[in-house]
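Okay, here's what each chain looks like letter by letter:
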Amino acid sequence: MDPVEDIKARLPIEELVGQYRALQKKGRNFVCLCPFHNDTHPSMVVSPDKGIAYCFACNSGGDIFSFYQRIESVDFRQALHDLAERTGVELPRQSEAAVVPKDEKERLRSCLQAAEKFFREQLASSTAAREYLAKRLIPVEQIEEFGIGYAPDSFSATYEHLLREGFSKSEILAVGLGVQKDLAQGKIYDRFRNRITFPIHDQQGRIAGFGGRTIGDDDAKYINSSEGPLYRKSEILFGLHRAKDAIRETGNVVMVEGYFDLLACHRVGVRNAVAVSGTALTEQHVRILKRSCPAVVLCLDQDRAGRDASERAYHLCSAEGMSVHAVVLQHKDPDEAANANPEGLKSALTEGSVPFLSLVLADMRARGIALPDEKREAAQRLLPLIRALPMAVEREHYLREAAVVLGTTETALREDMERVSHVPIRPLQKQPEAESPLSSLPGFSHVEVALGLFLLYPQHRSFLGELIEPEEGFTLRLYRALKAVPEGESVSAETVDLPQEDRERAAILQLFCEEHEFGRWSENLARREIRKNCAQANRAVLRQKQAEIKTKLLDAHRAGRSAEEQQLSTQYQQLLKLSQMTM
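Residues numbered from 1 in each chain as written. Predicted model: local features only at pLDDT ≥ 70, side-chain atom pairs only at ≥ 80, totals over all residues. Heavy atoms only, no water.

Visitor: Can you tell me about the overall build of the chain, naming the residues and giving the values?
Guide: Looking only at helices and strands, the chain features 24 helices and 16 strands. Taken along the three principal axes of its C-alpha coordinates, the chain extends 75 × 60 × 55 Å. Counting across all 583 residues of the chain, residues that qualify as buried make up 50%. The long-range share in the chain, meaning contacts at least 24 apart out of those at least 6 apart in sequence, stands at 64%. Positive and negative charge centroids in the chain, built from 76 and 84 side chains respectively, lie 3 Å apart. (Helix = DSSP H or I, 4+ residues; strand = E, 2+ residues; numbered from the N terminus. Buried < 20%, exposed > 50% of the residue type's maximum accessible area, 1.4 Å probe, protein only. Contact = heavy atoms within 4.5 Å. Lys, Arg positive; Asp, Glu negative; His and termini not counted. Charge placed at Lys NZ, Arg CZ, Asp CG, Glu CD.)

Visitor: Tell me about the packing of aromatic side chains, and please be specific about residues and values.
Guide: One pass over the structure, following the stated rule, counts 20 aromatic pairs. Between the aromatic rings of F118 and F119, the centroid separation amounts to 6.1 Å while the plane-to-plane angle is 50°, which identifies the pairing as tilted. Across this residue pair, the class does not change: F118 and F119 are buried. On the numbers, 6.1 Å between centres and 35° between planes, the contact of Y222 with Y259 is tilted. Taken together, the residues Y222 in strand β11 (residues 222–224) and Y259 in helix α11 (residues 259–267) connect sequence positions 37 residues apart. Here Y222 falls in the partly exposed class, since its relative accessible area comes to 38%. Under the relative-accessibility criterion, Y259 is labelled buried at 2%. Ring-pair connections join several aromatic residues into one group, and the members of that group are Y132, F146, F198, Y222, F238, Y259 and F260. (Phe/Tyr/Trp six-rings, centres within 6.5 Å; stacked < 30°, edge-to-face > 60°.)

Visitor: Account for the confidence of the model for the chain, naming residues and giving values.
Guide: Residues with a pLDDT of 70 or more make up 92% of the chain, whose mean pLDDT is 86. Note that pLDDT drops below 50 for residues 94–102; the model gives that stretch ten contacts with residues more than four away or on any other chain. (pLDDT = per-residue confidence, 0-100.)

Visitor: Before we move on, could you go through the sheet that holds strand β13 (residues 273–275) and cite the residues and values that matter?
Guide: Sheet architecture is open: five strands sit in the order β13-β12-β14-β15-β16, paired in mixed fashion. Across the chains shown, the open sheet's two edge strands, defined by having one partner strand only, are β13 and β16 (354–355). Taken together, the two bridges between strand β15 (residues 323–326) and β16 define a ladder with antiparallel strand orientation. Residue A326 lies in a different strand from β16, and its bridge partner there is V354. (Pairing = 2+ DSSP bridges.)

Following this line, the structure appears as structure tokens:
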């Protein structure tokens, strides 16, 4: 028997979790306090049937290996060794290499490592890529330290290289290095083309994916790997594995926007920096940071979008009890600041931060708040920020300051704050329409929940055609696996034809749906909710596409590309019509 499966057979998930937490029986499952966040009531669900332990509050857990890796902060190889020792499973002596490839995640990681080596070789042979980095003032030492590379301007060079290295088509797709746009033709395209590449690592320093910056005229300046077994956007921050020691030493973490901003911080000697890199900051990101330090210094882009992102980050960090400071730069971002005045950037990041709310109030004071409409807008912005503070003494301090800035009384502000105190603030997520009880459930996207419902109610798979096919990643593979099941055959996370690396995620999704008792619906309610959730998932997809086209439209308009602008305008109108049809 395969050692991994043998260990799973000998060590039930409830037995392993029970060694770390007290379990309580709940129906067919168990529950316990989650060991991965500051849990006050049992949030972790332990399913003996599925061999899964998962917390839907902080989205952590998995099978016995995922759970052990997370709680002991070890990699798969070490988890395999430790759990084999516990269960008495003998690992083959000839070499660990004979065992590790049987684990899909290690195999996928090897694929990413091969791609990183290939990209670095391509950088060495590309004059244009090296000139681009030289223009950005990136020194050779930093290129080597961060493993920066170059994906060639080809539709298949990376894919063909990885095939020659012995990796399969499914493995290349699973790590997000390939894109399959037409299932019928089976053609695979390279995701990263004519781009500077940045390896992205998890907290343990293991490669999980890539980010890419175009050096051509591609509409998307930056792209990241798609979500997959190794790359989870909600859990990975660029540069965190390099910053951990410095974060603990300084007691704070500097948060910047992108790859080049983080490189700039390192060039000026600020090593306690992480970058969100093309993905929204999440509660999980903040919880991960809080384990290492109590404070965050925000240094995001100095434009309106950066200001909004800073406020969203402030809300999330404050909710976790972190102290939030910010810095103001005289340049657009840390990258520009480092090139213009490196000592100035270092001083700003190490000595020039001020409490975020003090910065907001100073900005309002400088602009002058006199008219009633201005006061109302300022109060609408300020009061949620003040209310987010975890300590009453802080709230009192800033209420007094805000009253002075707005030319009003503390009593009036308290009354207004009391009125808004019943409105939940979720700054990173637009509140969805209140048409489905599923829309506000955390941890999974609308399309994932819709697909989870089809796992519970396979008899309603005829409605699968109403769901827009996902473009990539786990959701695309699950969607196609569900469509491929012949009529009349049983459907579950264990039986659908998914790659091994997706089975754990599918089992967690099915457990999520079961725990929320979606499986107890009547047939009529199930049909109604499935169709509603499909429509909601479609709206989310269309909104995202609309936002992307609006950005391209603006770029085309500014650059005077009238033909492209007209084409994009037509596409946008078509999307608007589709959106109206899903209402």
